[in-house]
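# A closer look at the structure
Each chain, written out:
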Amino acid sequence: MSEAAVEEVSVLSAIYCGEGEFRLLQQSVQDGLLVQINTTVPGERGLNLSLLFHLHPQYPSCPPDISVSSTAFSRSQCHSIRQRLLDRAAALPPEPMVHQLVDWLQQQSEEVTEGCRGAEEEVKDRDGEERWTAVLSLDHIRSRSRYIGLLERWSQQLQLPGRLLLGQSILVILQGARADIKEFCRLLKTVKVDVDSSGKKCKERMMKVLIETPSHSSCGHGLQRFVVKDYQSSAELTAVFQELHMTELYQQILPSLSD
């Protein structure tokens, strides 16, 4: 990673020094830096935003990847804010830009929130079409607390309720916008979530998407949050899918679990 990126992170930690404002989630020569900044959009209510910046090893020669989440804005509004930040980043010269982006977002708060209202109206009639269900298979979880903590955080940030099922097979069920599911998968493959047999931090290179399909109204009943569940037998695993009204989906992935 570049010295400029490391220096920028040091400066950011000094600027955003309030409780919970700044977190360095990852620092790796191979994968770069993963920085989380929690801020507010100025206004009457001071709406909160959580911004995740992935600074690649080539950064600042290339712009950062950005994820946006919030308990004050809807998923579509967060998408709108993310796109505005990405467009702004692409327009800036290749130099450290994270603070510029956060500062710009705060200065443009009125325009951003107005744009978000427009985005919300635009997708209102498409919410049903955007809801997908995916089942992922993970190879192993050695560093349980770290791995599960990251999955829970991403689920919250991307507004993807689901289940992490721990047993003979390790499965992740997700429901939400297809783009958010793809972002979840991208994070799995680019962030060091676990440790290998020698204890070194590693990415989830063996993750497989077993199925990805549009959700039906009867599918995934009760998926309101991300829940971790251990199971001991195939009968217990079957019962989980039955409880979620996903029996048909389970039958479709069963051959993959037997491989």
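Not measured: the values here are computed from a predicted model.

When helix H3 (residues 98-107) is considered as a whole, its buried residues turn out to be Val98, Leu101, Val102, Trp104 and Leu105. What you see down the axis of H3 is that its buried residues fit within an arc of 160°, all on one side.

Turning to the environment of Leu249, a few remarks are in order. Topologically, Leu249 is positioned in helix H9 (residues 247-258). Each C-alpha atom of the pair Leu249 and Ile211 lies 8.1 Å from the other, and the pair is 38 residues apart in sequence. Apart from the residues lying within four places of it in its own chain, the contact partners of Leu249 are Thr133, Val135, Ile211, Thr213 and Phe241.

This part covers the confidence of the model for the protein chain. Mean pLDDT over the protein chain: 84, with 86% of residues reaching 70 or higher. When pLDDT is averaged over each helix and strand of the protein chain, the minimum, 50, is found for helix H5 (residues 127-130) and the maximum, 94, for strand E6 (residues 162-166). For residues 118-129, every residue scores under 50 in pLDDT, and the model assigns this stretch eight contacts once sequence neighbours within four places are set aside.

It is worth spelling out unusual backbone geometry at this point. The step from Tyr59 to Pro60 runs through a cis peptide bond, and the omega angle for that step is 10°. Following the sequence through the fold, Pro60 ends up in the loop between strand E3 (47-55) and strand E4 (65-69). Despite not being glycine, Gln159 has its phi angle at roughly 55°, a positive value. Overall, Gln159 belongs to the partly exposed group, its relative accessible area being 31%. Even without a glycine there, the phi angle at His245 is positive, about 60°. Tracing the chain through its elements places His245 in the loop between helix H8 (234-243) and H9. Under the relative-accessibility criterion, His245 is labelled partly exposed at 46%.

How each quantity is defined
Residues numbered from 1 in each chain as written. Predicted model: local features only at pLDDT ≥ 70, side-chain atom pairs only at ≥ 80, totals over all residues. Heavy atoms only, no water. Buried < 20%, exposed > 50% of the residue type's maximum accessible area, 1.4 Å probe, protein only. Helix = DSSP H or I, 4+ residues; strand = E, 2+ residues; numbered from the N terminus. Arc of directions from axis to C-beta. Contact = heavy atoms within 4.5 Å. pLDDT = per-residue confidence, 0-100.

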